[in-house]
Amino acid sequence: MRLIYLTLPIVIRFQSIMQTQLINGTLVYLPHSIDEVKDLLRQAKQSSQTVSVRGSGHSFPLTDQTATAAGCLHIMLSYLNAVSLDKTTGLVTVQAGCHLGLDPFDPTGVSTTENSLCYQLDPLDKDGRRQSPPGWALPDLGGITHQTIGGFMATGSSGGSTKFAFEDALRSVRVVYYGETDVADRLFERPADNNPDDPFFGAAFASMGLMGIVVEATYQCIPAFNISGSEQTFQQDECALVDFFGPGNASTPSLQRFMEATDYTRLMWWPQAAEQQIVIWQASRTDASENWQTFVPKPYLEVPYIVGSQEFAEWLAGKLFEIVDRLPFFLGQLFALWFDTDSPSYKEILAKLETLQDSMLRMILRFFVTTGEDQAFSDTWWNGLPMDNQMSDKLFPVWFTELWIPIDQTQAAMNFLRTFYKDPENAGIFSAELYAAKASNFWLSPAYKTDVFRIDVFWFGLNEENPVDYYNRFWTALPAAGFDFRPHWGKYLPDPNGPQGTTYLRSQYPRWEQFMALRQQMDPHNLFVTPYWQRNLGLGS
């Protein structure tokens, strides 16, 4: 008997392994393609997980609370960052993981200036100058450019202008989602007639990731431009440039008229009795095509150089603010060990500590915020508009809730706040940011159908107390005074069970039900209803 051996080819199939990374104790998936994104959605569906997509992490309450949620599959699109630009027409398609600018805190280390969207639209050298004719631009940017495209759009973010808006350039988004039976993708395109009923206005901007995963977006850019502007500091009741609290006149416009007439502006208000100053940053567009070879930027300086370093100045300012907050708090706690807290002696000590805090705050502000100084600047659009890029989230952490009200209530709101801030507990030890945004057709944009006046209630991140307790003063007081607000989706939101919670939010958006119907159509299995959004928007599990 003869044995015949058949040699059969052995085929070994290597299944690609999805890249992951542990970020702040959370396992995060890093897909390299849209197909891998689809695979992750199938995995989430099979495992009965919800899906959370993280951008730059700038929306800290959302990022932090979602990251700790059990049963959540976490994704970052860092490797989906391709940019395809038609240099003739300015039409650009960009993947959602691409950052607007450099993200210095990108935990994956993928973000660079060179692979950012702004650089690829209009390249600048290390000195912020062009080595070739001006390229293309987006009409507006936020105060920083760390964010990813997907994150900036999902939270409905905006810059400080009633003339120009980031989302005006948006032409389409591609969304990957899990339908009734399997993963699909859908292209939402801006209708030619801008019909506000079109689902594009529900899914493409301010959708909070509830429709699926936006994997790419297309924008119609405009020719690149420069900006020219100034920053000036005024006592709040002694400003000849803007009438902060009144109707204005021919020579001094009201704050509303100033915001409507100025291309780009933002104000920083220090309302404490120690100073009561308002800092006005304003800029106008200038032509970038003329004399571009000889244009030398003069960048805006948000903090001074100390011993030749802005980083040292930020560190020093952060430490000083930390001392201003914590030293009186610590001393108050210490004296409480020795005195009856209801006694006149203890109350006298607290009054002296408040005086000490005011004196310390006055000293800091007179060093960093000087009345009467006029800083002129000129720059390219993407170096100049994000004026807060110079501030480090690590050295000088700032948290905030951002409240948008109709712009025609600006004067009344400013007068209310001036009275409100007379209470030192309301004024706190930090500033508030005031600026505007252009009306939007996107259904859940806080600027839906109206130009808005935005009140950013700042909180220094190293303070001892709970910021939500401080924000709640504003969440409660503004509606009680007749100022209904819509909060920025990426910042701190009011208690969903409180008077400005879910029921209140629903009442502020005429398209709320239409948005939710589209959301249910796009996400019938509620894969994208994370515990954070379930709680804050009252969505079913």
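Each chain carries its own residue numbering, running from 1 in the written order of its sequence. Thresholds applied to this predicted model are a pLDDT of at least 70 for local features of residues and 80 or more for the giving and counting of side-chain atom pairs; totals over whole chains, interfaces and linings are not thresholded and use all residues. Only hydrogens and water are set aside when side-chain values are computed; all heavy atoms of the structure are taken into account.

Looking at this model, I keep getting lost on the sheet that holds strand 8 (residues 170-178). Mind explaining?
By way of backbone hydrogen bonds, the strands of a sheet pair with one another, either parallel or antiparallel. Here five strands make up an open sheet; going across it, the order is 5-6-10-8-9 and the pairing antiparallel. Because the sheet does not close on itself, it has two edges, and the strands there are strand 5 (83-85) and strand 9 (183-189). Taking the axes of each pair of neighbouring strands and ignoring which way they run, one obtains an average angle of 10° across the sheet. Both strand 6 (residues 91-95) and strand 10 (residues 213-220) contribute to a ladder of five bridges, which runs antiparallel. Bridge pairing in strand 10 places Leu-91 opposite Gln-220. Most of the contacts of helix 1 (residues 34-46) go to strand 8, to which it runs at about 40°, and overall it touches strand 8, strand 9 and strand 10. In this analysis, two residues are considered to be in contact whenever any of their non-hydrogen atoms come within 4.5 Å of each other. An axis is simply a line fitted to the C-alpha atoms; with a helix, the fit covers only the stretch in contact. Between two such axes, the angle follows the N-to-C directions and lies from 0 to 180 degrees. Helix and strand assignments come from DSSP, with helices taken as H or I runs of at least 4 residues and strands as E runs of at least 2, each series counted from the N terminus. Together, strand 8 and strand 9 form the strand contacts of helix 14 (residues 512-522), whose direction differs from that of strand 9 by roughly 145°. Paired strands, as defined in this entry, are two strands with at least two bridges between them according to DSSP.

Sorry if this is basic, but what is going on with helix 14 here?
For the α-helix, the turn length of 3.6 residues means that residues three or four positions removed from each other point alike. Whether a residue is buried, partly exposed or exposed follows from its accessible area with a 1.4 Å probe, protein chains only, as a fraction of its type maximum: under 20%, in between, or over 50%, in that order. Those residues of helix 14 that fall on the buried side of the exposure criterion are Trp-512, Phe-515, Met-516, Leu-518, Arg-519 and Met-522. Projected down its long axis, helix 14 carries its buried residues within an arc of 160°, all on one side. Packed against the buried residues of helix 14 are strand 8, strand 9, helix 5 (200-203), helix 13 (502-508) and helix 15 (531-537). Note that the arc is computed from the directions linking the helix axis to the C-beta atoms.

When you look at the nonpolar core in this model, what are you seeing that I'm missing?
Looking at soluble globular proteins, one finds that nonpolar side chains tend to be buried together. Leu-138 and Tyr-219 are the most contacted members of the largest nonpolar core, which has 124 residues in total. The contact partners of Leu-138, leaving out residues within four places of it in the chain, are Leu-100, Leu-117, Leu-121, Phe-166, Ala-169, Tyr-219, Cys-221, Ile-222, Phe-225 and Trp-381. Met-391, Phe-396, Phe-400 and Phe-460 belong to the second-largest nonpolar core, a separate cluster that totals eleven residues. Among buried residues, the Ala, Val, Leu, Ile, Met, Phe, Trp, Tyr and Cys ones that are joined through side-chain atoms within 4.5 Å form a nonpolar core.

Is there a simple way to think about the pattern of salt bridges in this case?
Proximity of charged atoms lets side chains of opposite charge pair with each other. When a carboxyl oxygen of Asp or Glu is within 4 Å of a side-chain nitrogen of Lys or Arg, the pair counts as a salt bridge. Considering all chains together, one arrives at 16 salt bridges under this definition. Taking the shortest distance from any N to any O, the salt bridge between Asp-39 and Arg-42 comes out at 3.3 Å. Within this pair, Asp-39 and its partner Arg-42 are both found in helix 1, separated by three residues, close to a single helical turn. Residue class for Asp-39 comes out partly exposed when judged on its relative accessible area of 40%. The salt bridge partner of Glu-216 is Arg-174, with a shortest N-O separation of 3.3 Å. Of this pair, Glu-216 sits in strand 10 while Arg-174 sits in strand 8, and the two are 42 residues apart along the sequence. Among the charged side chains, a salt-bridge network with shared partners connects Lys-38, Arg-174, Asp-185 and Glu-216.

Would you explain the environment of Leu-27 in this entry?
Examined against the element boundaries, Leu-27 turns out to sit in strand 2 (residues 26-29). In this structure Leu-27 comes out as partly exposed when scored by relative accessible area, which is 42%. Spatially, the C-alpha atoms of Leu-27 and Ile-75 are 8.7 Å apart, while their sequence positions differ by 48 residues. Beyond its immediate sequence surroundings of up to four residues, Leu-27 is in contact with Thr-20, Gln-21, Leu-22 and His-74.

What should I look at first to understand the pairing of strand 9 in this one?
Looking along a regular strand, one sees the side chains alternate between the two faces of the sheet. Alignment of strand 8 against strand 9, held across seven bridges, turns out to be antiparallel. Each residue of the ladder has a partner; that of Ser-172, found in strand 9, is Glu-189.

Just checking my understanding: could you explain the sheet that holds strand 17 (residues 432-437) for this structure?
Read across the open sheet, the eight strands follow the order 15-12-14-13-17-18-16-19; overall the sheet is antiparallel. Of all the strands in the sheet, just strand 15 (374-380) and strand 19 (486-487) have a single pairing partner and so form its edges. Bridge count between strand 16 (residues 398-406) and strand 18 (residues 452-460): nine bridges; the pairing is antiparallel. Among the inter-strand pairings, Val-398 is bridged to a residue of strand 18, identified as Phe-460.

Whenever I open this one, unusual backbone geometry confuses me. Can you help?
A positive phi angle, close to 50°, is found at Asn-24, a residue other than glycine. You can see Asn-24 is positioned in the loop between strand 1 (20-23) and strand 2. In this structure Asn-24 comes out as exposed when scored by relative accessible area, which is 76%. One non-glycine residue, Met-208, lies in positive phi territory at about 60°. With respect to the secondary-structure elements, Met-208 resides in the loop between helix 5 and strand 10. On the basis of relative accessibility, which here comes to 7%, the residue Met-208 falls in the buried class.

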